[in-house]
Amino acid sequence: MFETFRPARSAWIAVLVVLTLAATASAQVRTAFPEKRGFKLTDFPRTVKLADNVYGYEDIRQPGFTTVSLFVVGNDGVLIVDGQGSVGATRKMLGEIAKVTSKPVKWYIVGSDHGDHTAGNSVLPKDITYVVTPFSKAQMKLDAPAMTDDKQVIAVGGIEVQALYLGRAHTGGDLVAYLPKQKILFMSEVYLNRVFPAMRSAFPTEWVTVIDKALKLDVDRFVPGHGFIEEPKASREELIEYQKAMRAVIAEVNRLHKLGLSADDAVKQANWGPYKEWFLSEQQGPIAVRKIYEEIEGKLK
Ligand SMILES: [Zn+2]
């Protein structure tokens, strides 16, 4: 009896193993770690076509995750949203853009004013037109007019591109770029795909609200400022997952604050659950605790 049962059972196990392997092979692993995602570092930079004349650009920055820029090829020139983190990296990006089009780079939307997106800007064309919030203009000491409204349409020719200020998030001067016809929203550092919420200069609770506003726009594909560009369906799921991570981090720090812990003790006791596995959690966890403490205690202006 036992002898006849065994072959049947092992056959079922074999079928299950094959099915599991097939499912694993077809599903894209959701992670910001290039090697877990199936990439080699030599695969970068990567230009990802998102729609006709619209491209995402991923390059690797220290300590090993991607910084994402967007570029749009209009009839009248190229618009960039966010640069890269060094003169060399931005020069390399301009080289990759030149492989796609011979049109000149004319516009630059400052999604994030942080150095890992702007430190190479000195190699951009001197006559480039910046689109920037008053906040980020001040941060960057930019000699350019700032936006006077929460929305500015940039006339690149043939494609409508809107720079939108949805509120304070990662930097305080955050802009996102919306292409209503293509239903693409480049979110810069408002969306860190599978990267631990980075709050050094953030407004944590307002940031969660900004993501709500983004989710209400008519968008098929949300593009992050760090982490990988996802396919449309996954991009919405991951933005929701990112917002969930932000809420979880804020809730955990509120819990520790209510226990009466000092920020230092809260850093030691914080339990990030699944988000501990996200890129930068070791580095960004303590920063998040201190920033959320400031917010709770009304020290964040
Ligand atoms: Zn960044």
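Here goes a summary of the coordinates provided. (Residues numbered from 1 in each chain as written. Predicted model: local features only at pLDDT ≥ 70, side-chain atom pairs only at ≥ 80, totals over all residues. Heavy atoms only, no water.)

**Let's talk about the overall build of the chain**
Reasoning step 1: Secondary structure assignment for the chain yields 9 helices and 11 strands.
Reasoning step 2: Along the three orthogonal principal directions, the C-alpha set of the chain runs to about 85 × 55 × 35 Å.
Reasoning step 3: Each of the 301 residues in the chain was classed as buried or not, and the buried ones make up 51%.
Reasoning step 4: Expressed as a percentage of contacts within the chain between residues at least 6 apart in sequence, the contacts between residues at least 24 apart total 62%.
Reasoning step 5: With an accessible surface of roughly 14400 Å², the chain has 56% of that area assigned to carbon and sulfur atoms. (Helix = DSSP H or I, 4+ residues; strand = E, 2+ residues; numbered from the N terminus. Buried < 20%, exposed > 50% of the residue type's maximum accessible area, 1.4 Å probe, protein only. Contact = heavy atoms within 4.5 Å. Areas by Shrake-Rupley, 256 points an atom, 1.4 Å probe, with all protein chains shown as cover.)

**As for helix α3 (residues 87–100)**
Reasoning step 1: When the terminal C-alpha atoms of α3 are compared, their 20 Å separation across 14 residues agrees well with the 20 Å that a helix rising 1.5 Å per residue should span.
Reasoning step 2: Against the buried residues of α3 lie β1 (46–51), β2 (54–61), β3 (65–74), β4 (77–81) and β5 (105–109). (Expected span 1.5 Å × (residues − 1).)

**Quick notes on the coordination of the zinc ion**
Reasoning step 1: At 2.0 to 2.1 Å from the zinc ion lie its protein donor atoms, namely Asp-116 (OD), His-117 (NE2), Glu-189 (OE) and His-226 (NE2).
Reasoning step 2: For the zinc ion, the 4 donor atoms in the first shell make angles of 89 to 163° at the metal, a pattern classed as irregular. (Donors = N, O, S within 2.8 Å, 3.2 Å for Na, K, Ca; no water. Tetrahedral: all angles 85-135°; square planar, octahedral: opposite > 155°, others 65-115°.)

**Notes on the pairing of strand β7 (residues 151–155)**
Reasoning step 1: The pairing of β7 with strand β8 (residues 160–164) spans 5 bridges and is antiparallel. Across the sheet, the residue bridging to Ile-154 is Val-161, located in β8.
Reasoning step 2: The antiparallel hairpin formed by β7 and β8 contains 4 residues in its connecting segment, where Gly-157 sits at a positive phi of about 95°. (Pairing = 2+ DSSP bridges.)

**Some points on the sheet that holds strand β10 (residues 184–186)**
Within a sheet, neighbouring strands are paired by backbone hydrogen bonds and run either parallel or antiparallel to one another.
Reasoning step 1: The strand order β7-β8-β9-β10-β11 describes an open sheet built from 5 strands, whose pairing is mixed. Strands at the two margins of the open sheet, each flanked by one partner only, are β7 and β11 (221–223). The sheet shows a mean angle of 20° between the axes of neighbouring strands, direction not considered. (Axes fitted to C-alpha atoms, helices over the stretch in contact; angles between N-to-C directions.)

**Considerations on the sheet that holds β2**
Reasoning step 1: Sheet architecture is open: 6 strands sit in the order β1-β2-β3-β4-β5-β6, paired in mixed fashion. Edge positions in the sheet fall to β1 and β6 (129–131), since each of these pairs with one other strand and no more. This sheet shows a mean twist of 25° between the axes of neighbouring strands, independent of strand direction.
Reasoning step 2: One ladder, built from 5 bridges, connects β1 with β2; its direction is antiparallel. Paired with Ala-51 across the strands is Val-54, a residue of β2.

**Quick word on the nonpolar core**
Reasoning step 1: Counting 46 residues, the largest nonpolar core has Met-187 and Trp-207 as the members making the most contacts within it.
Reasoning step 2: Only β9 (176–179), α6 (204–216), α7 (232–258) and α9 (281–296) provide two or more residues apiece to this core.
Reasoning step 3: Ranked by residue count, the leading element in this core is α7, at 8 residues.
Reasoning step 4: In contact with Met-187, not counting residues within four places along its chain, are Leu-175, Val-176, Ala-214, Phe-222, Val-223 and Leu-239.
Reasoning step 5: Counting residues in hydrophobic clusters, the runner-up holds 25 residues, among them Val-54, Val-81, Ile-159 and Ala-163. (Core = buried A, V, L, I, M, F, W, Y, C linked by side-chain atoms within 4.5 Å.)

**Some words on the pattern of salt bridges**
Reasoning step 1: On inspection of all chains with the given rule, the structure shows 21 salt bridges.
Reasoning step 2: Residue Arg-290 is joined to Asp-264 by a salt bridge in which the shortest nitrogen-to-oxygen separation is 2.5 Å. Highlighted residues: Arg-290 in helix α9 and Asp-264 in helix α8 (residues 263–269), separated in sequence by 26 residues.
Reasoning step 3: Taking relative accessible area as the criterion, Arg-290 reaches 38% and is therefore assigned partly exposed.
Reasoning step 4: What you see here is one network of salt bridges that share partners, running through Arg-30, Arg-194, Lys-233, Glu-237 and Glu-238. (Salt bridge = Lys/Arg side-chain N within 4 Å of Asp/Glu carboxyl O.)

Read these as geometric descriptors, not functional statements.
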